[in-house]
2 protein chains.
Amino acid sequence: MSDGFTVGDYLLARLAGIGIGHMFGVPGDYNLAFLDHVVDNPEIAWVGCANELNAAYAADGYARVGGAGALLTTYGVGELSAMNGVAGSYAEYVPVIHVVGSPATAAQRSGASVHHTLGDGDYQHFARAQAEVTVAQAWLSADDAAAEIDRVIATSLRERRPGYLVMPADVAVAAVARPAGPLVVPPPDASPAVLADFTAAARALLSRAESLTVLADYLADRFGVRDEVVSLVAAGQIPHATLSMGKGLFDEGDPDFVGIYAGAASAKPVLAAVEEADALICAGVRFTDITTAGFSQQIDQERTIDLQPFAARVGGRTFDPLPMGDALAALADIVAGLGRSWPRPALSLVTDEDRAEPARLADSPRLADSPRLADSPRLTHAQLWPTLEGFLRPGDIVLTDLGTAFCGAQFMRLPADVTFIAQPLWGSIGYTLPAALGAQLTAPGRRVILLIGDGAIQLTAQELGTLAREGCDPIIVVLDNDGYTIERAIHGAESAYHDITRWNWALLAAALSGGSVRTAGAGTMEQLTAALAAAADPAGRPTLIEARLPRMDMPEYLLTLGRWAAAANDPAQAA
Amino acid sequence: MSDGFTVGDYLLARLAGIGIGHMFGVPGDYNLAFLDHVVDNPEIAWVGCANELNAAYAADGYARVGGAGALLTTYGVGELSAMNGVAGSYAEYVPVIHVVGSPATAAQRSGASVHHTLGDGDYQHFARAQAEVTVAQAWLSADDAAAEIDRVIATSLRERRPGYLVMPADVAVAAVARPAGPLVVPPPDASPAVLADFTAAARALLSRAESLTVLADYLADRFGVRDEVVSLVAAGQIPHATLSMGKGLFDEGDPDFVGIYAGAASAKPVLAAVEEADALICAGVRFTDITTAGFSQQIDQERTIDLQPFAARVGGRTFDPLPMGDALAALADIVAGLGRSWPRPALSLVTDEDRAEPARLADSPRLADSPRLADSPRLTHAQLWPTLEGFLRPGDIVLTDLGTAFCGAQFMRLPADVTFIAQPLWGSIGYTLPAALGAQLTAPGRRVILLIGDGAIQLTAQELGTLAREGCDPIIVVLDNDGYTIERAIHGAESAYHDITRWNWALLAAALSGGSVRTAGAGTMEQLTAALAAAADPAGRPTLIEARLPRMDMPEYLLTLGRWAAAANDPAQAA
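In this text the structure is predicted, and so the values were computed from the model without any measurement. (Residues numbered from 1 in each chain as written. Chains lettered and ligands numbered in written order. Predicted model: local features only at pLDDT ≥ 70, side-chain atom pairs only at ≥ 80, totals over all residues. Heavy atoms only, no water.)

All names here are of chain A. On average, residues of chain A score 93 in pLDDT, and 93% of them are at 70 or above. Every residue in residues 348–375 scores below 50 in pLDDT, and together they form 33 contacts with partners more than four places removed in sequence or on other chains. Across the assembled chains, the prediction reports ipTM 0.94 with pTM 0.95. (pLDDT = per-residue confidence, 0-100. Contact = heavy atoms within 4.5 Å.)

Moving on: the relation of the copies chain B and chain A. After a rotation of 180 degrees and a shift along the axis of 0.0 Å, chain B superposes on chain A with an RMSD of 0.0 Å. Taken together, these values place the two copies in the relation of a two-fold axis. Judged by C-alpha distance, Ala129(B) is the residue of chain B that lies nearest the rotation axis, at 2.1 Å. Taken as a fraction of all interface residues of chain B, those also at the interface in chain A reach 100%, which identifies the copy contact as same-surface. (Least-squares fit on C-alpha atoms with pLDDT ≥ 70 in both.)

Further remarks concern the environment of Thr543(A). All names here are of chain A. The topology assignment puts Thr543 in strand S19 (residues 543–548). According to the relative accessible area criterion, Thr543 is buried, its value standing at 4%. Residues contacting Thr543, with those up to four places away along its chain left out, are Pro474, Ile475, Ile476, Val517, Arg518 and Ala535. Within polar-contact distance, the side chain of Thr543 engages the side chain of Arg518 at 3.3 Å. (Helix = DSSP H or I, 4+ residues; strand = E, 2+ residues; numbered from the N terminus. Buried < 20%, exposed > 50% of the residue type's maximum accessible area, 1.4 Å probe, protein only. Polar contact = N/O pair within 3.5 Å; in protein donor to acceptor, adjacent residues only side chain to side chain.)

Each strand in a sheet pairs with another by means of backbone hydrogen bonds, the pair being arranged parallel or else antiparallel. Residue and element names in this part refer to chain B. Across the sheet, seven strands lie side by side as S9-S8-S7-S10-S11-S12-S13; this open sheet has mixed pairing. Either end of the sheet is taken by a strand with one partner, and the two such strands are strand S9 (257–260) and strand S13 (317–319). Put simply, the sheet's adjacent strands are angled 15 degrees from each other on average, direction ignored. Sheet topology places strand S7 (residues 212–216) next to strand S10 (residues 279–283); five bridges connect them, and they run parallel. Within the sheet, the bridge partner assigned to Leu212 lies in S10 and is Ala279. Across the sheet, helix H11 (residues 226–236) touches S7, strand S8 (240–242) and S10, and the angle it forms with S7 is around 165 degrees. (Pairing = 2+ DSSP bridges. Axes fitted to C-alpha atoms, helices over the stretch in contact; angles between N-to-C directions.)

On to the interface of chain B and chain A, then. Listed as interface residues are 84 residues of chain B and, on the opposing side, 84 residues of chain A. When the two sides are added together, the surface that chain B and chain A hide from each other amounts to roughly 6500 Å², 61% of it contributed by carbon and sulfur. The tally of links from chain B across to chain A stands at two salt bridges. Of the charged contacts, one joins Arg128(B) and Glu132(A) as a salt bridge, the two residues approaching to 2.8 Å between their closest N and O atoms. If you look at where chain B meets chain A, you find 35 residue pairs in polar contact (both at pLDDT 80 or more). Looking at the side of chain B that touches chain A residue by residue, the class counts come to 47 nonpolar, 25 polar and 12 charged. (Buried area = accessible area lost by both parts, 1.4 Å probe. Salt bridge = Lys/Arg side-chain N within 4 Å of Asp/Glu carboxyl O. Nonpolar A, V, L, I, M, F, W, Y, C, P; charged D, E, K, R; others polar.)

Oppositely charged side chains can pair when the atoms bearing their charge come close. Residue and element names in this part refer to chain B. Summed over all chains, the structure comprises 46 salt bridges over all chains. Measuring nitrogen to oxygen at the nearest pair gives 2.8 Å for the salt bridge that ties Glu148 to Arg151. Of this pair, Glu148 and Arg151 are both found in helix H7 (residues 145–159), three residues apart, which corresponds to roughly one turn of the helix. Overall, the relative accessible area of 19% leaves Glu148 in the buried class. Among the salt bridges present, the one from Glu159 reaches Arg158, with a minimum N-O distance of 3.1 Å.

Residue and element names in this part refer to chain B. Pairing is parallel in the open sheet, where six strands are placed in the order S15-S14-S16-S17-S19-S18. One side of each edge strand has no neighbouring strand; the edge strands of this open sheet are strand S15 (419–421) and strand S18 (518–522). Shown here is a sheet whose adjacent strand axes are inclined to one another by a mean of 15 degrees, direction ignored. In this structure, S18 lies alongside strand S19 (residues 543–548), joined through five bridges in parallel fashion. Of the residues in S19, the one forming a bridge with Ala520 is Ile545. Strands in contact with helix H23 (residues 525–535) are strand S17 (475–480), S18 and S19; relative to S18, the strand with the most contacts, it is inclined by about 160 degrees.

Have a look at this one:
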């Protein structure tokens, strides 16, 4: 106990032990003593961000690529600023350990009106708030710190959701014994009997199916069963698709990959494969409004095998507990045993008669059809997305901010081993710029491409400077279309509240980075192609390409989504 | 009911009725239908900010000058981003009405996994969190919206703390009757018998006192009794002081104004007046660590009349209920009846023997004493503060961010009618830049001076663009000293974690404002004087002056505070 090893060191050892090599945050006086140990730790690098929300986003991006992330803030002001970012990690199953440096235990006991409190002597306000967006919480004391750190980190990893650790300034430097061994993360509950029952039910369903499709989504990524999903589809050459939140799970160049399923807004081959197959295996699927064009999915439960992280369903029957990985392995065995392949559904399965496009989509104006734009030399979304698709390489990390960027990018066909990061459920605009910082720091050998709107980047623009300072070299394409175009799609297209303050992106990048960010403007297809070619092999410097798009031009999916959201929000429009 | 008047209109009418002319926020699809009514409202202007935290700070700054503020965010992502700002309003008694546009009632009832939820069907997570930092909350329905809006706003005004209103997208546009009359804010509870008892006890204490001092603090400002406090001190030419949070309550050029009380770090005349007078009247005083050099105040309760917003104390006896304004009026009557004046305490009341400076202050290094700095032509804090003090004019609004800016500025002697805005209890750095936006919009005829550190401004720098867009013309002095100097004062002065990414302020201002911000750099006293002279009469354009200061130069008060905070945080240093 007396070799100078502290609670802070213990926490860092546990974080390093689960593969975390960077901690994001902002210093504050309640976490400074701990920060001494962070900067001295050979395994964990400190990455100071301009503010705490940005740091939370960075830790989330780091965790999506590296498996887990770490965030350090100060009590009250810092932790609340970060809360939206942590909530996003909770909503989308990303394990980020949020460490909060708090006033010393003595101050808390006295209820003193110290800075960063509400002045009412109640030091628990923020812990109660944070419990709404974290899966495990602890307020550390010198007596229980090691056990509580282990409990919170293990729960966070098991549930793939953020954990919250308050570390008082005195506890951070209190002596503690070194970890006796690696952190034990309890595996998901399992039952051989349940697995056997599931296997029998699944075999019965699959044996009578003439067609089969696998639909995977983000929980398959988050719960670490990507290899098992890939093995399953390989076992029978099964046609497969993902929702956009699960994009990147498959090599999208594989002949059996049919595309992105987005409910009624899916391309027809995808719609046929998912909604018309005799059997459908859903792996880690959660339907949300943004990924299904407004809950327009039509999935017949009776022909579906639905795998969730800790349980499964075959038709109407639930199998619990059943870890997703075990279920996938069982299904691969069944498929291999059936000894057949599953052809891609014929397009004729869906005819225009039996599945017309939803009326609201058919009614949508198509800006690309307007004579002005068709004849225009200006860059449009119709040109942008094929160009960007062609720019991608195997192994890239692609981040797309919710808005025009996500709505267009989700339908790009990805090369192998591309990580696709988006946040369509939580949907906090500006998230991806700091997330790119985190993603790149955990995968320094990979190329990072960030697609973000001009409204969104204004929320978090400070981290352009951090990216440059840390030697990151993302290729950032700012979709500059004069405001919040996703919201123009929903309501009040020409309303002044969608306008944003005009910024000069080249000057901004120079101001924040000491001139190390390379910039280019692209108002035409030719300019975009040239800018991308020049940026294709970044060498330690970020690139910012300003893609100037017409204010009301947008991907077709965004038009669909906007119509749905308008109807959902406004009873007067729902008629 | 059928004239098209909606719940949103009702809310706007109530906000306008309490003097609110601007609403700050960020659009999101759940608040767009309401925003149509905001932009159409002739009494309330929409001010879109770059992000929600900045908008919350702006609404807070607006409320500190104008009496109340309004903030509009979207559900989940937006409201959580704003939460740190709202918590600051709560801690420091600032009534901001936080309106959150939420998913429509039907979506909530179904528990659908719509965007900006946590995906678990529980729509109440964020309301529970926000209840920790607001004094009244309501989730509006079409049935009860008017009554609930009135209740939340009235409670917020009465308690001078933020209120939280969730307005589902459908409720915002539901029909409702126009307000039947002005909003009724219940006055504080009062009792003639309690007032009589208080008056008797106070008269007894004051009658036997040879010396008397009034010490006022921020709650006197927040609860609207500034005139009563000023009348009290005028009634007997009573020596008076404020804590730094109450700075600006008095004309600091008045001969009876003795200065800023900051516990043991006070100038000796102030220390004598406050701690040694026979009687002390505290008006709206709350002692916090930052305003008392670490709780170093020595106030004898037995000789103190302590007035709080809703109750008072004379010696050890409590009088409840007793509104502060009533108590102040009673005291003014007593003082007038006594028919004498109260001389300023002689300096000799405090000798070096009986009140040595605290050891920790005497031990502190004084960078100004170092030969290098004394001989240096570089601008130092010793030059900065007298220069800025001389720059002030009656009626200015001065905002100082917590850090070197606040620690130096609190001791400047203000001309009459200066509003001094700081946040020393909540202490969220970066707060003052957006707060300056709010402050100036509610008082367009007044000059606004913002003093902020280079670390702090990075958190919220986006609003430089909003200031320029809105035609504001603050004079912004960035104290550029290469990082978080307030934290260097506390711990690890040379640690890398206090460093920030270097920004180019002139380029930044140009990037965000289309070149409309005037900029100047000042590395010497002469340059600062020239830059201030050029900026003295802004004409619709912001000015940004970069005051380059040595990294470890700092106001003496910050050294004192840093030592205290280090000891409070780190048991190893407390010996």
